[in-house]
Amino acid sequence: MRAETMSQPLAERLRPRTLDDYIGQKHLVGEGAVLRRMIESGRISSFILWGPPGVGKTTLAQIIAHKLETPFYTLSAVTSGVKDVRDVIEKAQKGRFFNEASPILFIDEIHRFSKSQQDSLLGAVERGIVTLIGATTENPSFEVIRPLLSRCQLYVLKSLEKDDLLQLLHRALTTDVELQKMDITLQETGALLRYSGGDARKLLNILELVTSSAASTSSTSSTTSTPSIVITDALVETILQQNPLAYDKDGEMHYDIISAFIKSIRGSDPDAALYWMARMIEGGEDPQFIARRMVISASEDIGLANPNALLLANAAFDTVMKIGWPEARIALAEACVYLATSPKSNSAYLGIDEALSTVRQTGNLPVPLHLRNAPTTLMKQLGYSDGYKYPHDYAGHFTQQQYLPDDLVQQRFWHAQHSPAEQKLYERMVNYWGERYK
């Protein structure tokens, strides 16, 4: 093996060169799957690969480069500007022969391209000057301009599963020349898999770090100089000594986990809600962010079924502001469990959305005269406030009168839902307004 190859990181030495060596993403590259058929046909259309780090996006692009007999250009959105994009497009246009397949332009981390950089690609993709392959770890619907996204297929790659990672470990230990120089026993894999977080590159980097660190301190055989290494969970944890949780506060997982947290509260599962909160805490999430989300959930998902939920969520937010970590986790947990175990109602949430929709449809309807203030003589002469009934002057502090604009006088926005607390509110409204609430 050449010295250049020997100096490469393990993840690069094991990078697959063909689809048969590719691990994972069977839904895309397994037998008969859409991307495999496209690649084997020799003609591909523009597409974007979206998935977490280390799941094979760049590798797929490189396999296509080896497979197809067409010019292949690569740009990194981190280091390339509009000029670089235009230069590649110009080269592609000049180098293409009649009826030949379009050159391929691979852009890694395409989500980092600005709008102007993406705009500079649009015409070339639209006219078929280049076939675009983009790779991104971020949601393309947020990060890629709509015209460009509409001209590309979107393929979603998943984190590697346990069996995929174990297959990768076996391949590394049995095929890599450098690792074969050591006597390695893979006694436990739990820590390796946990720290990798479904990321093939991270798994191989960890394996390389662990084996190289262990080799420097291990004993050697009496007959050979081969280091003897037994990989255990304790060994991996000792060498890494880091937080194993994959949690990017600016990335997709941030939104996935907070979504799971809120949906667990909404679904009345306190155990799941506590678990996802723990994931955020261990991942270094801002406690104020967690507290704010619970305040929103208390209003949106619990609402009038238990108005105390909003009070407790606000109290938890105040506590976080006052005392900080680690004690604030207790207040957050208290609010989390209370919200998850509370009865649920979104009637207020639905009511304001329905009211907003009506306002957008009907515009600025006039306020009935009797509801207007009359601070001047002219206003009184025009009928402002005339006929207004002051509710406190009536029995029960209520009397029927019109409060909505004339065009919406029978409109309903709030519809009570079935919880004990809200039922009482509904019954009061029926008592006040009669048929309008039945």
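Conventions and cut-offs
Residues numbered from 1 in each chain as written. Predicted model: local features only at pLDDT ≥ 70, side-chain atom pairs only at ≥ 80, totals over all residues. Heavy atoms only, no water. Helix = DSSP H or I, 4+ residues; strand = E, 2+ residues; numbered from the N terminus. Expected span 1.5 Å × (residues − 1). Buried < 20%, exposed > 50% of the residue type's maximum accessible area, 1.4 Å probe, protein only. Arc of directions from axis to C-beta. Pairing = 2+ DSSP bridges. Axes fitted to C-alpha atoms, helices over the stretch in contact; angles between N-to-C directions. Salt bridge = Lys/Arg side-chain N within 4 Å of Asp/Glu carboxyl O. 1 Å grid on protein atoms, 1.4 Å probe; cavity = no way out; pocket = protein on both sides within 12 Å on 5 of 7 lines; lining within 4 Å. Points joined across faces, edges and corners; volume = space filled by probe spheres on them. Nonpolar A, V, L, I, M, F, W, Y, C, P; charged D, E, K, R; others polar. Parallel < 35°, antiparallel > 145°, perpendicular 65-115°, else oblique. Contact = heavy atoms within 4.5 Å. Polar contact = N/O pair within 3.5 Å; in protein donor to acceptor, adjacent residues only side chain to side chain. pLDDT = per-residue confidence, 0-100. Right-handed = clockwise from strand over helix to strand, strands pointing away.

Novice: Lay out helix α19 (residues 347–362) with the relevant residues and their values.
Specialist: Between its first and last C-alpha atoms α19 spans 22 Å; for 16 residues at 1.5 Å apiece the expected length is 22 Å, and the two agree. Taken as a whole, α19 has its buried residues at Ser347, Gly351, Ala355 and Thr358. Projected down its long axis, α19 shows its buried positions confined to an angular sector of 65 degrees, all on one face.

Novice: Tell me what's going on with the sheet that holds strand β5 (residues 153–156), and back it up with residues and numbers.
Specialist: Strand order in the open sheet formed by five strands is β2-β3-β4-β1-β5, and the pairing between neighbours is parallel. Two strands in the sheet have a free side with no partner beyond their single neighbour: β2 (72–76) and β5. Across this sheet, the average inter-strand angle for adjacent strands is 15 degrees, counted without regard to direction. Strand direction decides the pairing type here: strand β1 (residues 47–50) and β5, joined by four bridges, are parallel. Along β5, the bridge assignment pairs isoleucine 48 with leucine 154.

Novice: Requested: an account of the pattern of salt bridges, with residues and values cited.
Specialist: Applying the stated criterion across every chain, the model contains 14 salt bridges. Note that arginine 13 and aspartate 176 form a salt bridge whose closest N and O atoms lie 2.7 Å from each other. Taken together, the residues arginine 13 in helix α2 (residues 10–13) and aspartate 176 in the loop between α10 (162–175) and β6 (183–186) connect sequence positions 163 residues apart. With a shortest N-O distance of 2.7 Å, glutamate 237 and arginine 194 are connected by a salt bridge. Pair noted here: glutamate 237 is in helix α13 (residues 233–240) and arginine 194 is in helix α11 (residues 190–196), with a separation of 43 residues, a long-range link. Look at glutamate 237 and you get partly exposed, because its relative accessible area is 33%. Beyond isolated ion pairs, a larger network of salt bridges with shared partners links Asp20, Glu31, Arg36 and Glu40.

Novice: Give a description of the layout of surface pockets that names residues and reports values.
Specialist: In this structure, the second largest pocket spans a volume of roughly 500 Å³. Around the second largest pocket, the lining is made up of 26 residues, and of these Gly54, Val55, Gly56, Thr59 and Arg201 lie nearest the centre. Counting residues per element, the ones that place at least two in the lining of the second largest pocket are α5 (57–67), β4 (131–136) and α12 (200–215). Of the residues belonging to the lining of the second largest pocket, the class tally is 12 nonpolar, seven polar and seven charged.

Novice: Can you explain the packing of helix α16 (residues 287–302) against helix α17 (residues 308–323)? Please cite residues and give values.
Specialist: Contact pair α16 / α17: the axes reach a minimum separation of 9 Å and the direction vectors enclose 170 degrees. In terms of orientation, α16 and α17 fall into the roughly antiparallel class. Across from Pro287, Gln288, Ala291, Arg292, Met294, Val295, Ala298, Ser299 and Ile302 in α16, the residues of α17 making contact are Ala309, Leu310, Ala313, Asn314, Phe317, Val320 and Met321. Of the residues contributing to the contact of α16 with α17, the split by class is 12 nonpolar, three polar and one charged.

Novice: Please set out the side chain of serine 342 residue by residue, giving values where relevant.
Specialist: Locating serine 342 in the fold gives a position in the loop between α18 (328–341) and α19. Owing to a relative accessible area of 5%, serine 342 belongs among the buried residues under this scheme. Within polar-contact distance, the side chain of serine 342 engages the backbone oxygen of tyrosine 338 at 2.7 Å. The residues contacting serine 342, other than those within four sequence positions of it, are Ser268, Ile302 and Asn306.

Novice: Could you give me a rundown of the confidence of the model for the chain, with the residues and numbers involved?
Specialist: Residues of the chain with pLDDT of at least 70 account for 92%, and the chain-wide mean is 83. By mean pLDDT, helix α1 (residues 3–6) is the weakest element of the chain at 48, and β1 is the strongest at 92. Low pLDDT, under 50, characterises residues 1–5; the stretch is placed with three contacts to residues that sit more than four places away or in other chains.

Novice: Which residues make up the pairing of strand β3 (residues 104–108), and what are the values?
Specialist: Counting buried positions along β3 gives four out of five residues, so the element sits mostly inside the fold. Pairing of β2 with β3 involves five bridges; the strand directions are parallel. Bridged to phenylalanine 72 within β3 is isoleucine 104. As defined by bridge partners, β3 adjoins β4 across five bridges and the pair is classed as parallel. Of the residues in β4, the one forming a bridge with isoleucine 107 is glycine 134. Viewed along the sheet, the connection from β3 through helix α7 (residues 115–126) into β4 turns out right-handed.

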